[in-house]
Amino acid sequence: MTSLVSIYNSTFTLVFGWVYTATKWLGAMGSLVALSFLGGILMVWIFGKVSNQDAIKATRNRMNAELIALRLFKDDLRIFFRIQKEILLWTLKYLKHSMIPMVIIMLPVMAILIQLNLHYAVGPLEIGKQALVKVILRDAKTLEPGTEISLQARDSLAIETQGVRIPENREISWRVRGVAADRFDLVVTAGKDSVSKHMAVGGAREGVSSLRTGEHWLTNLLYPAEAPIPPESAIESIEVLYPALPLSFFGWGMDWMIVFFVLSMVFGFAFKGTLGVQI
Amino acid sequence: MNLFPRLTRSRQGCHRIAQLFLACLCLGAAVQSGAADKKVVVLGIDGMDPKLLQSFVDQGRLPNFKALMEEGSFRPLGTTMPPQSPVAWSTFITGMDPGGHGIFDFLHVNPAKMSLFSSMAEAEAGGAPIDIGTWSFPTSGGDVRLLRKGETFWEMLGDHGLKSTVFRMPVNFPPVKAPGRALSGMGTPDILGSLGEFSFYTNQRRDWPPVVSGGRIYSVDLKDNSVHSELHGPTNSFRRFPSSKSLELQRKGKAVEIEYEQPEMTQEFTVHLDPKAGAAKFVVGDTEFILKEKEWSDWVPVEFEAIPVLITVQSAARFYLKQISPTFELYVSPLQIDPDAPVMPISYPSSWSSHLCAELGTFYTQNLPEDTAAYNGGVLTAREFWEQMLYVFDERSRALDYLLKNQDEDFLFVYFGTVDQGSHMLWHFMDEQHPAHVKDEFLKDGIAKLYEKMDARLGAVRQVLDPSTTLIVMSDHGFAPFYWGVNLNTWLLQKGYITLKDPSQGTSIESFGNVDWTRTRAYAAGLNGLYLNLKGREKQGIVQPGAEQQALLQELEQELLALKDPRNNHSAVSLMLQPGRDFHGPEKDHGPDLLVGYSHGYRASWDSPLGMFPKEVFVDNRSAWSGDHCIDNRLVPGILVTNLRITQDSPTLADLTVAVLDEFGIKPPKDLVGKDILESRK
C-alpha cells in the first residue's frame, strides 16, 4: 500500500505543482483565488458526472411545485400540512440523490486540500527565528542511554540545544535557529539508522512540507511532498515546526482553507448553469 | 479657432475661484494649526535623576546628553508633591497639580468602604447577566474608566489640528481619543486585571513563603521528568457554579439561597525535562518550544477558552526556566494583554496596537513590565532581573526606532521606564551605606549602565531628527536612597490618633482590619497620604469638619515636622502639605488631607501603607527595592534637557506642559498652573 501511495503522491504532487506554478505569478491570494475557481468548477463537473441529473432535476421541480402549492393553500390547514409532509419527503429524496455524489466529491476535494496545505499552510523558517525539529521514534527504547541520536544540518541552520528526550512520547526534539537562506536536507541518525528531511530557511515565500513520516499510509497521503520513511527504520517521523504562512486580503489576515471553501463554492454555484449541472 | 469661448472664460473663472478657495483653505489650516511645520519630540525617561545624570556626564559616560546640554540647556525639573510617577506624569499631561487632575498617589482610599483602590483606572461591571444553569450571559460588556481628570495637552494640540503619537504615556489607560495615535503605559493591567502578577512553579513549595507580593507560587509534581500544570487566567464571566460555601451550608441541611462563583479560566501546559540535555520542552496550547536551563522564552501566545470554539481570551507570556534539577523552578511573566488581539482598550485607534505588533512583534503591554516584584520576592535573582529589564528596554528601543522612522505627526512622545525600575532595584549595589548593600562589581555600575543605554538611544534620536525639531528629554522625578522605612500608622497609634481593636494583632491584619474606627482620628494610606477620620466622609468618621478638622491638621503637621528617628536623631519628615490649602482645582478636596514629605533616606515603610501596624516606627529597609523617590519632592527633582534655551532657573513639570503648547503657538487654558520656560526658535 505504501508504494502505491508513494506513486500516487509523487504523480499528483507533480501535476498539482504544475497548476500551482501556472498561477503563482498572481501572488499568494491571487493564486488561491485561481485554484479555488478551478476547484469549484471541477467539483461541479464531477457532481454532474456522478449524480443522477434527471432525478435531481425532477425532484427539484417537484419541490418547487410543492412550494407554490403551499402559498396557494395556506388558508386550508389540512392541505397545508399535507404539502409540508410532501416537501419533507421530496427534500429527503433530494438528499438521497445528492448524498453519494457529495461523498464522491470529498475524495478530489481532500486531494486538493492536501496539495493546498503544502503550498499555503507553513513557510520557511525565518532567519534569526527559532523552530523545533521533532523526531518520533518507533520504539521508546531507542531513547534509552547508549543509543546515540543526532541531528545534522548545514551551517545555515544553528542547532541550539541538545536533543530533549521524551520517552513517554517516543520523541526527541531539538531547537534550531535560521542563520542564512538555504534549502537542504536535515539528517537524523538514531543508532545505525539515518533519515533525511527537507529543510527550508529564509528566501522567497513558498509553501514547505513540515512532516516526513512513515507512520501509516494514510499519514503519508496527508504529507505527499517527501517519500515515506521506510517501515524498517527506527525513525517514524521527522517534523519541523515551521511558522504559519500569512495570507491577507487588503490587510485582513485570513485562513487559506476558509478562503478555498468559500470561493470554490461561490465559483461552483456561479458556473453550474454554464456547465449545465443541476445541484 | 476657439469653438467654446464662453466655456473657456467660465473655466478660467472656475480656476480662479478654485485657487482662491484653496488659498483660503491653506490659510485656514495654517491659522488652525498654529505653526503646522513645527515638530516636537519628547523622550520621557521615568526616574532619571539630575545629580546622577550630571555625575555620569562629568565622567564622560554620556556623550549624547553632554552634546544636547551644550547645544541647548539642562536644568533639574521640579516635580510634584508627592513625587510619585502617576501624580507627576498626570501633572505633565494636564498642566495641573493634583488638585486639578485628581491623582494623589498610586493608591486612593474609598472612605465609604474604608478600602484602597488603584488611583489610575477602574473597571465597571457589564450589564446584568441572563443565567441559564451554569451558563451566564452578560447583557452588555464591562468597561474600564480612566480616573485622571483634566484635558491632556495632546487633546489641546488636536483641537488645533495637530497630530500626536503618544507611546506608553503613564496614566493614560484607556488612552484618550485625540487626533493621532496612543498606546497606554503605566496603569495598564495584565489579563487578570492586576498591575502585573507573575507565576512561579516549583516542586519544592515549602522553600518559599506562603505569599509573595506581586505574584503567585504554585506547587507542581515532577513525575517521570514531566510537569503538568496550568496557567491561571481571568475568571470566566460566561460560567457560574454554586460556591463551595453555599454547598457546604446546604449539605448541613440549612435552607440558604445558593450563591454562585465565576470559575477561573485555565490553560494547561506540560514541561518535559531532560536534565542530561540541560533543557526542557514546553507544550502550551498549540505552541511547543524548548528552553535551556536559565533561558528566557520569546513571547508565547496563551489562550483561555470562555465559550468553547466561540470566545477565547488571548494573552501572551514569557517563560523563564530557572532550574531543572535538583529542583524544578519555572517563572512565568504576568499574562500580558496581547497587543495583536487586545481584550481591553490599550491603544487609540484600537487597531494601532495590532499594527505595532505586526511591525515589532509581540511586546510587553502591562503597567511597568520590569518585574521588580519577582526580584524583591526572591523569585528572580538580581542578574535575572537585569536580563529581563534589558529585554524590556530593547523592546522599547525597537519601538522608538520604528516611531522615528515612520514619523508623520507634529508631536511625538516616547516613554522609557527602565531607568526608574533599575534605580529602585539596583541602588543598594551602588550605595555602600545602604542596609541592603550587596557587593557585585557588575551591578554596582548597573544604574550607570542604564544611563549609558539611554544615552545611546538619545544619540539615535539626535541622528535622525531634523535640527529644527524641538527635542525635549525629561523625567518625572529623580531618585534618593531608601535606607529607612517609617511606619506612619504605628506612629499615629503610639501618639493616640489610632486605636486598635486588638493591640496584639498589629502586624498580622491588613487593610486596617484591626482599627477601631470609633476611636480613631487619623490614619495613613498610600505612600505619602494621611487622612483624617472625618465625620460625613469616612464610614465611621469622628472628626468634626471645620474647626476640629483644621486644628487636627495643624497639630499633625507640626508633630510630623518634628518627628525624629531616635536611632540617629535625623529628622524623618521635611515637608508637609495640605492639598485643600496648597493645591488648585476642583479635585483638591478628594485626596488625602495631608501629604507627608519624608527626608533624604526615609520613605513610608512596606507595611504601613497597607494598613498594618508593626511594632517599631522606624525600620531598616533590607529589601532589594532600595532606591525611591516618594519623599519631599524638593529632594528628588527630575531632569529637563532640551535643544532650546531654558529661560527659568527652576522649571517644573507643569511649566513643561505650557512650554510644549507654546512651541505650537497655543495659548494655555486658564486652569494650567505653569508658565512657558523655553525660548522658542520662532
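The model shown is predicted, which means the values in this text are computed figures rather than measured ones.

Enquirer: When you look at the overall build of chain A in this model, what are you seeing that I'm missing?
Expert: Along its length, chain A carries six helices and 11 strands. Computed over its C-alpha atoms, the radius of gyration of chain A comes to 25 Å, more than 25% above the 19 Å expected for a compact globule of 279 residues. Here the C-alpha coordinates of chain A stretch approximately 85 × 40 × 35 Å along the principal axes. Looking at the 279 residues of chain A, the share that counts as buried comes to 43%. Accessible surface for chain A amounts to roughly 15200 Å². Of this, 64% is attributable to carbon and sulfur atoms. Positive and negative side-chain charges in chain A, numbering 27 and 23 respectively, have mean positions lying 12 Å apart.

Enquirer: Looking at this structure, how should I read empty space enclosed by the protein?
Expert: Empty space left among the atoms is revealed by rolling a probe the size of a water molecule over them. All names here are of chain B. Per the counting criterion, the structure on display carries four cavities of 30 Å³ or more. Of the pockets and cavities examined, the largest cavity occupies roughly 60 Å³. As for the largest cavity, its lining consists of Leu-192, Glu-197, Phe-198, Ser-199, Arg-216, Tyr-218, His-232, Ser-333, Pro-334 and Leu-335. Listing elements by their share of the lining of the largest cavity, those giving two or more residues are strand S11 (198–202) and strand S12 (215–219).

Enquirer: Whenever I open this one, the side chain of Lys322(B) confuses me. Can you help?
Expert: As for its placement among the helices and strands, Lys322(B) is situated in strand S23 (residues 319–323). Those residues in contact with Lys322(B) that sit more than four places away from it in its chain are Phe200(B), Glu293(B), Lys294(B), Glu329(B), Val379(B), Leu380(B), Thr381(B) and Glu384(B).

Enquirer: Honestly, the domain arrangement of chain B in this entry has me stumped. Any pointers?
Expert: How big an interface is tends to be reported as the loss of accessible area on association of its parts. All names here are of chain B. What the domain assignment lists for chain B is domain 1 (65–97 + 148–188 + 367–479 + 636–682), domain 2 (196–337) and domain 3 (483–627). A straight line from the C-alpha centre of domain 1 to that of domain 3 covers 30 Å. Counting from both sides, the interface comprises 21 residues of domain 1 and, opposite them, 21 residues of domain 3. Buried area between domain 1 and domain 3, both sides added, is near 1700 Å², and the carbon and sulfur share of it is 60%. Per-residue buried area on domain 1 facing domain 3 is highest for Met-81, Asp-97 and Pro-435; these three make up 37% of the total on that side. The tally of links from domain 1 across to domain 3 stands at zero salt bridges. Run the count over domain 1 and domain 3 and you get 12 residue pairs in polar contact (both at pLDDT 80 or more).

Enquirer: For this particular structure, what's the right way to read the packing of helix H11 (residues 418–430) of chain B against helix H12 (residues 446–464) of chain B?
Expert: Between two packed helices, what matters for the description is the angle formed by their axes and the separation of those axes. Residues and elements named next belong to chain B. For the pair H11 and H12, interaxial distance at closest approach is 8 Å and the crossing angle is 155°. As the angle between them shows, H11 and H12 are arranged roughly antiparallel. Contacts between H11 and H12 pair Thr-418, Val-419, Gly-422, Ser-423, Leu-426, Trp-427 and Met-430 from the former with Gly-446, Ile-447, Leu-450, Tyr-451 and Met-454 from the latter. Split into classes, the residues belonging to the contact of H11 with H12 amount to eight nonpolar, four polar and no charged.

Enquirer: It is not clear to me how the sheet that holds strand S2 (residues 149–152) of chain A should be interpreted in this structure. Could you clarify?
Expert: Pairing between sheet strands relies on hydrogen bonds along the backbone, with the strands arranged either parallel or antiparallel. Residue and element names in this part refer to chain A. The strand order across the open sheet formed by three strands is S2-S6-S7, and the pairing between neighbours is antiparallel. Across the chains shown, the open sheet's two edge strands, defined by having one partner strand only, are S2 and strand S7 (193–201). Taken pair by pair, the neighbouring strands of this sheet meet at an average axis angle of 20°, ignoring direction. Summarising the sheet, strand S6 (residues 182–190) and S7 pair through nine bridges and their orientation is antiparallel. Bridge pairing in S7 places Val-188 opposite Val-195.

Enquirer: So what exactly am I meant to see when it comes to unusual backbone geometry here?
Expert: Residue and element names in this part refer to chain B. The linkage connecting Phe-173 with the following residue, Pro-174, adopts the cis geometry, with an omega of -10°. Note that Pro-174 resides in the loop between strand S9 (164–169) and strand S10 (180–184). Phi at Met-114 is positive, roughly 55°, even though this residue is not glycine. Considering the arrangement of structural elements, one finds Met-114 in the loop between strand S3 (107–110) and strand S4 (115–118). A positive phi angle, close to 70°, is found at Val-309, a residue other than glycine.

Enquirer: Whenever I open this one, the environment of Ile104(A) confuses me. Can you help?
Expert: All names here are of chain A. As for its position among the elements, Ile-104 is in helix H4 (residues 77–120). Accessibility expressed as a relative area gives 32% for Ile-104, which makes it partly exposed. Separated by 58 residues in the primary sequence, Ile-104 and Ile-46 place their C-alpha atoms 8.4 Å from one another.

Enquirer: Help me understand the pattern of salt bridges in this model?
Expert: Any two side chains of opposite charge can pair, on the condition that their charged atoms come close. Scanning the entire structure with this criterion turns up 43 salt bridges over all chains. In this structure, Asp408(B) and Lys163(B) form a salt bridge, with 3.4 Å as the shortest nitrogen-oxygen distance. Here Asp408(B), found in the loop between helix H10 (382–405) and strand S27 (411–416), pairs with Lys163(B), found in the loop between helix H6 (153–159) and S9; they are 245 residues apart in sequence, far enough to count as distant. Asp408(B) gets classed as partly exposed once you look at its relative accessible area, which sits at 42%. Owing to a relative accessible area of 30%, Lys163(B) belongs among the partly exposed residues under this scheme. Among the charged side chains, a network of salt bridges with common partners joins Lys134(A), Glu171(A), Lys281(B) and Glu288(B).

Enquirer: Can you walk me through the sheet that holds strand S30 (residues 522–525) of chain B in this structure?
Expert: Residues and elements named next belong to chain B. In spatial order, the strands read S30-S31-S35-S34; together these four strands make up an open sheet with antiparallel pairing. Of all strands in the sheet, those bounded by a partner on one side alone are S30 and strand S34 (573–577). Recorded for the sheet is a direction-independent mean angle of 25° between the axes of neighbouring strands. Relative to strand S31 (residues 529–532), S30 is paired through four bridges, and the arrangement is antiparallel. Bridge assignment links Tyr-523 to a residue of S31, and that residue is Tyr-531. On the sheet, helix H14 (residues 547–561) packs against S30, S31, S34 and strand S35 (594–598) and is oriented at approximately 160° with respect to S34.

Enquirer: How should I be thinking about the packing of aromatic side chains in this particular structure?
Expert: Two descriptors summarise a pair of aromatic rings, namely the distance from one centre to the other and the angle between the planes of the rings. Residue and element names in this part refer to chain B. The full count for this structure, using the stated rule, is 44 aromatic pairs over all chains. Their ring planes at 25° and their centres at 5.2 Å tell us that Tyr-201 and Tyr-218 sit as a pair that is stacked. Separated by 17 residues along the polypeptide, Tyr-201 in strand S11 and Tyr-218 in strand S12 bring together distant segments of the chain. A residue is classified by how much of its surface remains accessible, and Tyr-201, at 0% relative accessible area, is buried.

Enquirer: Any chance you could explain the nonpolar core here in plain terms?
Expert: Soluble globular proteins tend to bury their nonpolar side chains together. Residue and element names in this part refer to chain B. In this structure, Met-48, Leu-53, Phe-65, Tyr-451, Val-473 and Val-641 are the most contacted members of the largest nonpolar core, which totals 62 residues. Residue contributions to this core peak at 11 residues, all from H10. Sequence-distant contacts of Val-473, that is, excluding residues within four places in its chain, are made with Leu-43, Ile-45, Phe-65, Leu-68, Leu-458, Ile-639, Leu-640 and Val-641. Counting residues in hydrophobic clusters, the runner-up holds 44 residues, among them Met-114, Ala-480, Leu-488 and Leu-560.

Enquirer: Hey, could you run me through the confidence of the model for chain B in this one?
Expert: A low pLDDT score tells you not to read the predicted coordinates there in detail. For chain B, the average pLDDT comes to 92, and 94% of its residues sit at 70 or higher. Under a pLDDT of 50 for its full length, residues 1–35 of chain B has, in the predicted model, nine contacts with residues more than four places off or in other chains.

Enquirer: What is the right way to look at the interface of chain A and chain B in this model?
Expert: If you look at the interface, chain A gives 17 residues, while chain B gives 17 residues. Carbon and sulfur atoms supply 53% of the area that chain A and chain B bury against each other, a total of about 1200 Å² over both sides. Contact with chain B buries surface across chain A, with Leu132(A), Val164(A) and Arg175(A) losing the most and accounting together for 37% of the total. Here chain A is connected to chain B by three salt bridges. Note that Glu171(A) and Lys281(B) form a salt bridge whose closest N and O atoms lie 2.5 Å from each other.

Enquirer: Is there a simple way to explain helix H3 (residues 53–72) of chain A in this structure?
Expert: Each α-helix winds once per 3.6 residues, and so residues spaced three or four apart point in a common direction. All names here are of chain A. Here H3 contains 20 residues, and its C-alpha end-to-end distance of 29 Å stays within 8% of the 28 Å for a straight helix at 1.5 Å per residue. Taken together, the buried positions of H3 are occupied by Gln-53, Ala-55, Ile-56, Thr-59, Met-63, Glu-66, Ala-69 and Leu-70. Each element contacted by the buried residues of H3 is listed here: helix H2 (27–50) and H4.

About the criteria used
- Sequence order sets the numbering: in each chain, residues are counted from 1 along the sequence as written.
- The order in which chains are written sets their letters, starting at A; the order in which ligands are written sets their numbers, starting at 1.
- Predicted model: local features are reported for residues with pLDDT of at least 70 only, side-chain atom pairs are reported and counted for 80 or more only, and whole-chain, interface and lining totals are derived from all residues.
- In computing side-chain properties, one takes all heavy atoms of the structure into account and sets aside hydrogens as well as water.
- What counts as a helix is a DSSP run of H or I of at least four residues, what counts as a strand is a run of E of at least two, and both are numbered from the N terminus.
- The atom set for the radius of gyration is the C-alpha atoms, and the globule formula is 2.2 Å times the number of residues raised to the power 0.38.
- Any residue under 20% of the maximum accessible area for its type is buried, any over 50% is exposed, and the rest in between are partly exposed; the area is computed with a 1.4 Å probe on protein chains only.
- Only the protein chains shown count as cover for residues, and all accessible areas are computed by the Shrake-Rupley method using a 1.4 Å probe.
- In this tally Asp and Glu are treated as negative and Lys and Arg as positive; neither His nor the chain ends contributes.
- A single reference atom marks each charge: NZ on Lys, CZ on Arg, CG on Asp, CD on Glu.
- A 1.4 Å probe that fits but cannot get out identifies a cavity on a 1 Å grid over protein atoms alone, an open set with protein on both sides within 12 Å along at least five of seven lines counts as a pocket, and a residue lines either if it has an atom within 4 Å of a point.
- Grid points are joined across faces, edges and corners, and a volume is the space filled by probe spheres set on the points.
- Two residues qualify as a contact provided that any one of their heavy atoms is within 4.5 Å of a heavy atom in the partner residue.
- An automatic or database domain assignment supplies the start and end points of every domain.
- Two parts lose some accessible area (1.4 Å probe) when they are put together, and adding that loss for both gives the buried area.
- What counts as a salt bridge is simple: a side-chain nitrogen of Lys or Arg found within 4 Å of a carboxyl oxygen of Asp or Glu.
- Polar contacts here mean pairs of N or O atoms no more than 3.5 Å apart (in protein, one a potential hydrogen donor and the other a potential acceptor; neighbouring residues in sequence count only if both atoms are side-chain atoms).
- Interaxial angle, 0 to 180 degrees, is taken between N-to-C directions of lines fitted to C-alpha atoms, where a helix line uses only the stretch in contact.
- Put simply, angles under 35 degrees are roughly parallel, angles over 145 are roughly antiparallel, angles from 65 to 115 are roughly perpendicular, and the rest are oblique.
- Residues are grouped as follows: nonpolar covers Ala, Val, Leu, Ile, Met, Phe, Trp, Tyr, Cys and Pro; charged covers Asp, Glu, Lys and Arg; every other residue, Gly included, is treated as polar.
- When DSSP finds at least two bridges between two strands, those strands are taken to pair.
- Only Phe, Tyr and Trp rings are paired, with Trp represented by its six-membered ring, and only when their centres lie within 6.5 Å; those with planes under 30 degrees apart are stacked, over 60 edge-to-face, the remainder tilted.
- Residue types Ala, Val, Leu, Ile, Met, Phe, Trp, Tyr and Cys, when buried and joined through side-chain atoms within 4.5 Å, form a set referred to as a nonpolar core.
- Per-residue confidence from the predictor is reported as pLDDT, a score between 0 and 100.
- One less than the number of residues in a helix, times 1.5 Å, gives the span that helix is expected to have.

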